[in-house]
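Structure assessment
This is what each chain is made of:
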Amino acid sequence: MGPSAAIGGAILFFLGSIVAAAVMPWSPKHVLMWLGSHVFLYVGMSVCSHRYFSHRSFATSRPFQAVLAGWSACTMQGGPLVWAAWHRPHHRHCDQEDDLHSPRPLSWRAVLHAHVGWIGDIRTWDTARDATLVRDFMRFPEVVGIQRYEGLVGLAYIAAWTGLAGWPGLVFGWLLPHTTAFHCTATINSLSHIFGSRAVGKSDCHAGNVWWALPLQLGENWHANHHEFPSRSNRGIRWWEVDPIHWFLLGLQALGLIWDIRSARDNPEHPAGHDPEIP
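What counts and what doesn't
- Numbering of residues begins from 1 in every chain and follows the order in which that chain's sequence is written.
- Local features in this predicted model are restricted to residues whose pLDDT is 70 or higher, and side-chain atom pairs enter the listing and the counts only when it is 80 or higher, whereas totals over whole chains, interfaces and linings include all residues.
- Remark: hydrogens and water are excluded; side-chain values derive from all non-hydrogen atoms of the structure.
- Here, a disulfide means two cysteine sulfur atoms that sit within 2.5 Å of each other.
- Per the convention used, a helix needs a DSSP run of H or I reaching at least four residues, while a strand needs a run of E reaching at least two, with both numbered from the N terminus.
- Three labels apply to residues, based on accessible area from a 1.4 Å probe with only protein chains included: buried if under 20% of the type maximum, exposed if over 50%, partly exposed otherwise in between.
- Fitted lines through C-alpha atoms serve as axes, helices being fitted only where they are in contact, and the angles separating the N-to-C directions of these axes extend from 0 to 180 degrees.
- Here the word oblique covers every angle except those under 35 degrees (roughly parallel), over 145 (roughly antiparallel) and from 65 to 115 (roughly perpendicular).
- Residue contacts follow a heavy-atom distance rule, with two residues in contact if any of their heavy atoms lie within 4.5 Å.
- Each residue gets one of three labels, nonpolar for Ala, Val, Leu, Ile, Met, Phe, Trp, Tyr, Cys and Pro, charged for Asp, Glu, Lys and Arg, and polar for the others, Gly among them.
- In what follows, salt bridge is the name for a side-chain nitrogen of Lys or Arg lying within 4 Å of a carboxyl oxygen of Asp or Glu.

Here's the deal with the state of the cysteines
- Enumeration according to the criterion identifies one disulfide in this entry.
- Disulfide pairing is shown between Cys94 and Cys205; the S-S distance is 2.0 Å. Its torsion about the S-S bond being 60 degrees, the disulfide of Cys94 and Cys205 is classed as right-handed. One end of the pair, Cys94, is in the loop between helix H4 (80-92) and helix H5 (108-115); the other, Cys205, is in the loop between strand S2 (197-198) and strand S3 (208-209), and 111 residues separate them in sequence.
- A residue is classified by how much of its surface remains accessible, and Cys205, at 3% relative accessible area, is buried.
- Free of any disulfide, Cys74 has its nearest neighbouring cysteine sulfur in Cys48, separated by 9.1 Å.
- Residue Cys74 is classed as buried on the basis of its relative accessible area of 13%.

Have a look at this one:
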């Protein structure tokens, strides 16, 4: 997929969701389908694409790593390795010229680019093809294979919902939740680099802790904390900075599926908020 196709697809998804929401009959069952799939896709982005493949915030077995890669692919946000390749440079170049996700210098064009316009930037797709950015995971052929066939994994997710519930499954199980999960993810690029309190010592990075974005971002809204400690799993530092996705990870740890969840003391601040072991 190239930049033109990607930005065109994003626009079609958004418009299609509006049309679907307007013409499809609504029921409590449909709302539950939408919310359930939305949470599945958004948590998949946060747990798999972001906290694991981008920052290695916890350890896991090789089989469960493949499960996480498949879950990431279901989100249809680029796949585990491409997502990580897009995200890691954001920490190296936060709100600088080479940061493709930054709304700075602040303008409506920059905000639109940070939210969705970066998908149509040719530099985005050059970055996606740079395997050196994710060389730590390139040694796992199963993860590379899932990345290569990310589109087929996404189609399988769509087919599952359609087979389960027909047209309502397609609309409320995939189209609407895919769109809302994507835009909740995108607000981390846009809103969280405009609003909120900033971390100490990050004069060149405008990442903010945006308390009122908690319902949208489920813990990712403590974005200044994340840039302060990129590999730390728990985004909250103060007692009231709740992170529901970290609670989910604690549940996975209790089940023995993951372990060695990183804390702040394991991840002291590094230049540009970048972890030394990540390429």
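Section: the packing of helix H3 (residues 62-74) against helix H8 (residues 150-189)
- In the contact formed by H3 and H8, the axes pass within 8 Å of each other and the chain directions differ by 75 degrees. With respect to H8, the element H3 is oriented roughly perpendicular. Residue-level inspection shows Gly70, Ala73 and Cys74 of H3 in contact with H8, the latter providing Glu150, Val153, Gly154 and Tyr157.
- Split by residue class, the contact of H3 with H8 holds four nonpolar, two polar and one charged.

As for the packing of helix H2 (residues 28-54) against helix H11 (residues 244-254)
- One way to put it is that H2 packs onto H11 with a least axis distance of 11 Å and a crossing angle of 75 degrees. Considering their axes alone, H2 and H11 lie roughly perpendicular with respect to each other. On H11, the residues touching Tyr42, Val43, Ser46, Val47 and Arg51 of H2 are Ile245, His246, Phe248 and Leu249.
- Looking at the contact of H2 with H11, its residues break down into six nonpolar, two polar and one charged.

Topic: the pattern of salt bridges
- One pass over the structure, following the stated rule, counts nine salt bridges.
- A salt bridge links Arg88 to Asp136; the nearest nitrogen and oxygen atoms lie 3.0 Å apart. Taken together, the positions of Arg88 in helix H4 and Asp136 in the loop between helix H6 (122-128) and helix H7 (141-148) put the pair 48 residues apart, joining distant regions of the chain. Both residues of the pair, Arg88 and Asp136, belong to the buried class.
- Put simply, Arg235 and Glu220 hold a salt bridge, and the shortest N to O gap is 3.3 Å. Residue Arg235 is found in the loop between helix H10 (223-228) and H11, and its partner Glu220 is found in the loop between helix H9 (214-217) and H10; the two are separated by 15 residues along the sequence.
- On the accessibility criterion, Arg235 (1% relative accessible area) is buried.
- Taking relative accessible area as the criterion, Glu220 reaches 0% and is therefore assigned buried.
- Connected via shared salt-bridge partners are Arg51, Glu220, Arg235 and Asp243.

The quantities given are spatial measurements derived from coordinates; they are silent on function.
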